[in-house]
Amino acid sequence: MDRRVRRAPDAEWVLMYRLGLSRARIAELVRAEPATVGYHLVIARRQDPGLEPAHEAATVTRAGPSPTALARMEEIITWITGEGRLPRDRSEDKGERSMARWLSERRREAADATLDPVYRDGLSRVPGWEGNPRAAADEARWHDRFAQLVDFRAEGNDWPRHHDYASEQEHALGVWIHTQRYKHRRGDLDPVRVRLLDDAVPGWRTGRTGLPRRFRTVGPLKMRVYRK
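Residues numbered from 1 in each chain as written. Predicted model: local features only at pLDDT ≥ 70, side-chain atom pairs only at ≥ 80, totals over all residues. Heavy atoms only, no water.

## Quick look at the overall build of the protein chain
In step 1: Helix and strand content of the protein chain: ten helices and two strands.
In step 2: Listing every helix and strand of the protein chain by position from the N terminus yields α-α-α-α-α-α-α-α-α-α-β-β.
In step 3: The contacts of the protein chain with a sequence gap of at least 6 include a subset with a gap of at least 24, amounting to 56%.
In step 4: Taken as a whole, the protein chain presents about 14,100 Å² of accessible surface, with 51% of it coming from carbon and sulfur. (Helix = DSSP H or I, 4+ residues; strand = E, 2+ residues; numbered from the N terminus. Contact = heavy atoms within 4.5 Å. Areas by Shrake-Rupley, 256 points an atom, 1.4 Å probe, with all protein chains shown as cover.)

## With respect to the confidence of the model for the protein chain
In step 1: On average, residues of the protein chain score 82 in pLDDT, and 85% of them are at 70 or above.
In step 2: Mean pLDDT across the secondary structure elements of the protein chain bottoms out at strand E2 (residues 223-226), with 40, and peaks at helix H9 (residues 168-186), with 95.
In step 3: Of the regions scoring below 50 in pLDDT, residues 1-5 engages in five contacts with residues more than four places distant in sequence or in other chains. (pLDDT = per-residue confidence, 0-100.)

## Examining the nonpolar core
The nonpolar side chains of a soluble globular protein tend to be buried with one another.
In step 1: Ranked by size, the top nonpolar core spans 20 residues in total, and within it Phe146, Leu149, Trp176, Leu197, Val201 and Trp204 carry the most contacts.
In step 2: At the level of secondary structure, the elements contributing two or more residues to this core comprise helix H3 (34-47), helix H8 (133-154), H9 and helix H10 (191-200).
In step 3: At six residues, H8 tops the list of elements feeding residues into this core. (Core = buried A, V, L, I, M, F, W, Y, C linked by side-chain atoms within 4.5 Å. Buried < 20%, exposed > 50% of the residue type's maximum accessible area, 1.4 Å probe, protein only.)

## With respect to the packing of helix H2 (residues 23-30) against H3
In step 1: Contact geometry of H2 with H3 gives a least axis separation of 8 Å together with a crossing angle of 120 degrees. The two elements H2 and H3 cross, and the hand of that crossing is right-handed. Here Arg23, Ile26 and Ala27 of H2 lie close against H3, whose contacting residues are Pro34, Ala35, Val37, Gly38 and Leu41.
In step 2: Looking at the contact of H2 with H3, its residues break down into six nonpolar, one polar and one charged. (Axes fitted to C-alpha atoms, helices over the stretch in contact; angles between N-to-C directions. Left-handed = near helix turned anticlockwise from the far one by under 90°. Nonpolar A, V, L, I, M, F, W, Y, C, P; charged D, E, K, R; others polar.)

Pasting the structure below:
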């Protein structure tokens with residue numbers, strides 16, 4: 001995987017997406033996590049409303065999946081048929097996790113109406129492969145909130161608070177990051193999300209480490225004054 005620190009959105013990845021390549025294909029070519037590429041694309045779409053239409057237009061005009069890609073689909077369908085279940089993204093088996101990510105990308109494309117008809121027809125042999133639409137929407141919301149937090153910190157702000165906040169934006173981000181910390185302490189936060197947070201916003205696990213705002217230092221004796 002490419003360990004270089006990339007400023008989001010990465011221009012090369014955005015160009016590849018504009019030319020019709022999927023998030024999974026970009027991740028495969030640049031040897032990055034699909035979730036990392038997805039984070040860059042979330043920011044790029046927010047900055048350029050014309051990016052998504054350009055991607056969709058390029059997707060329509062470009063050739064369909066390669067023989068290698070179709071072979072991968074058949075491999076996954078065969079596995080699902082043999083196991084009698086869908087692959088799990090938290091499996092201990094690396095190959096199963098890879099298949100789960102592949103299916104996740106196809107679900108995202110189906111939700112965005114960009115799924116190649118060849119994939120659609122092939123996967124129609126797998127009942128329920130599209131999974132839970134609510135889960136897909138939750139995933140998209142997570143990445144959007146993540147991108148907002150990165151922007152918030154890049155603007156020079158301290159960690160957002162979920163109480164005693166200065167704006168509704170800070171409140172929303174404060175509640176969100178508080179939830180991520182809670183899930184991480186319980187061991188319930190997806191490892192991929194942990195890595196994304198670690199890479200993009202170091203220090204998120206602890207947040208503010210100074211005195212609460214209700215304590216202020218005043219006068220030469222540096223007395224602490226409690227502010228209700």
